[in-house]
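# A closer look at the structure
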Amino acid sequence: MPEKITETFKGSAIIYYKGRDMGNCSSAEITYEVDTQVVPNYRGGGGNFDADDNITAVNLSIGITSLNIANTALLNAASVTPIVGSTVTAAPLTVTAYDRLLSVEHIIDTAATVTITDDSDPTPVEIPRVDPDDGTINYIVTPAGIIVPPTSIIAEDDVILITHSVPQAYILEALQTFGEEGEIVIDGLNDRNGKRRLIRCWRWKPSPTGLSAITTEFADVAVAGQLLADNTKGAGKSKFWQAVMTA
């Protein structure tokens, strides 16, 4: 008789989606949704006389801790547009109320110079952030915009003009890229014994998952999707996924 070997598993892997390394991934789970039809056992003793399983879905869920631009876009079916460093000049902002954020279109580079002027025509007058005479704060700069405190020389309903630098960044537009799909390769390792596990999933179609905007723990987001049938695979080959495991 062949020797009975008990093998435990504690694994890690590098996961590639359409050839792109997805970074640090905490999990990868393939599961099935099964519709089971049964014929009851009518001959006494209970149980079933026969059963037939119909696979209604093949699912792959991947836990992601590397929330880079590409992975964040994947989690939200988002399009990505890069922004090169630039300068916004004399963009108008209306002071709708004191102590309220006056939002800007792009991120403000707070490490660079930010200039606020009034909208005087033809020569706008610069408004100092701190009054040189009495130290009054006229406005507060944040990456998202400008806040005008009630002690400012700027009045409510005034229009101010802002000039600032825009750092290199990316714009993600959520829920714009439905229908994306691609191959998944899981280059895995059983950390218990050093044996390799290579899993290939032919057609993975991820579903939008969402975004952890604020968390007190390290974010670990699971993106789930279906493995779709690849009908180019011939007889005896799985249309969904394949694994190679070293002996």
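Located above this text is the structure these notes cover.
Summarised in this report is the structure supplied together with it. Because the structure is predicted, anything quoted here is derived from the model rather than measured.

## Description of the nonpolar core
In this structure, I15, M22, L60, I62, I184 and W204 are the most contacted members of the largest nonpolar core, which totals 17 residues. Put simply, the parts of the chain that give this core at least two residues each are β1 (11–17), β4 (48–64), α1 (69–75), β13 (182–190), β14 (196–206) and β15 (221–227). Per element, the largest residue contribution to this core is four residues, and it comes from β4. I108, V114, I127 and Y139 belong to the second largest nonpolar core, which has 14 residues in total.

## Let's talk about the sheet that holds strand β8 (residues 115–118)
Pairing in this open sheet of three strands is antiparallel, and the strands run β6-β11-β8 from one edge to the other. Both edges of this open sheet fall to β6 (86–94) and β8, since each of them pairs with a single strand only. In this sheet, adjacent strand axes meet at a mean angle of 20° when their direction is disregarded. Relative to strand β11 (residues 159–166), β6 runs antiparallel, the two being bridged by seven bridges. Paired with V88 across the two strands is H164, which belongs to β11.

## Re the state of the cysteines
Taken as a whole and judged by the stated rule, the model has zero disulfides. The closest cysteine sulfur to the non-disulfide-bonded C201 is located on C25, 13 Å from its own sulfur. Using a relative accessible area of 0% as the deciding quantity, one classes C201 as buried.

## Focus: the side chain of H164
As for its placement among the helices and strands, H164 is situated in strand β11. Other than its neighbours up to four places away in sequence, H164 contacts S86, T87, V88, H106, I107, I108, T113 and V114.

## Quick notes on the packing of aromatic side chains
Tallied over the entire structure, the rule returns one aromatic pair. Where Y17 meets W204, the ring centres are 5.5 Å apart and the plane angle is 90°; that geometry is what we call edge-to-face. With Y17 in strand β1 and W204 in strand β14, this pair connects stretches of sequence that are 187 residues apart. Summarising the burial analysis for this pair, Y17 and W204 share the class buried. It is K233 that lies over the ring of W202; its NZ or CZ is 3.8 Å from the centre.

## Digging into unusual backbone geometry
Between D121 and P122 the backbone carries a cis peptide bond, its omega angle lying at 10°. As for its placement among the helices and strands, P122 is situated in the loop between β8 and β9 (140–142). One non-glycine residue, K18, adopts positive backbone phi at about 50°. Looking at the secondary structure, you find K18 in the loop between β1 and β2 (20–21). Unlike most non-glycine residues, D157 shows phi in positive territory, near 75°. Among the secondary structure elements, D157 is positioned in the loop between β10 (145–147) and β11. The exposure class assigned to D157 is exposed, which follows from its relative accessible area of 60%.

Here is what the cut-offs are and how they apply
Residues numbered from 1 in each chain as written. Predicted model: local features only at pLDDT ≥ 70, side-chain atom pairs only at ≥ 80, totals over all residues. Heavy atoms only, no water. Core = buried A, V, L, I, M, F, W, Y, C linked by side-chain atoms within 4.5 Å. Buried < 20%, exposed > 50% of the residue type's maximum accessible area, 1.4 Å probe, protein only. Helix = DSSP H or I, 4+ residues; strand = E, 2+ residues; numbered from the N terminus. Pairing = 2+ DSSP bridges. Axes fitted to C-alpha atoms, helices over the stretch in contact; angles between N-to-C directions. Disulfide = S-S within 2.5 Å. Contact = heavy atoms within 4.5 Å. Phe/Tyr/Trp six-rings, centres within 6.5 Å; stacked < 30°, edge-to-face > 60°. Lys NZ or Arg CZ within 6 Å of the ring centre and 35° of its normal.

Just distances and angles here, no functional claims.
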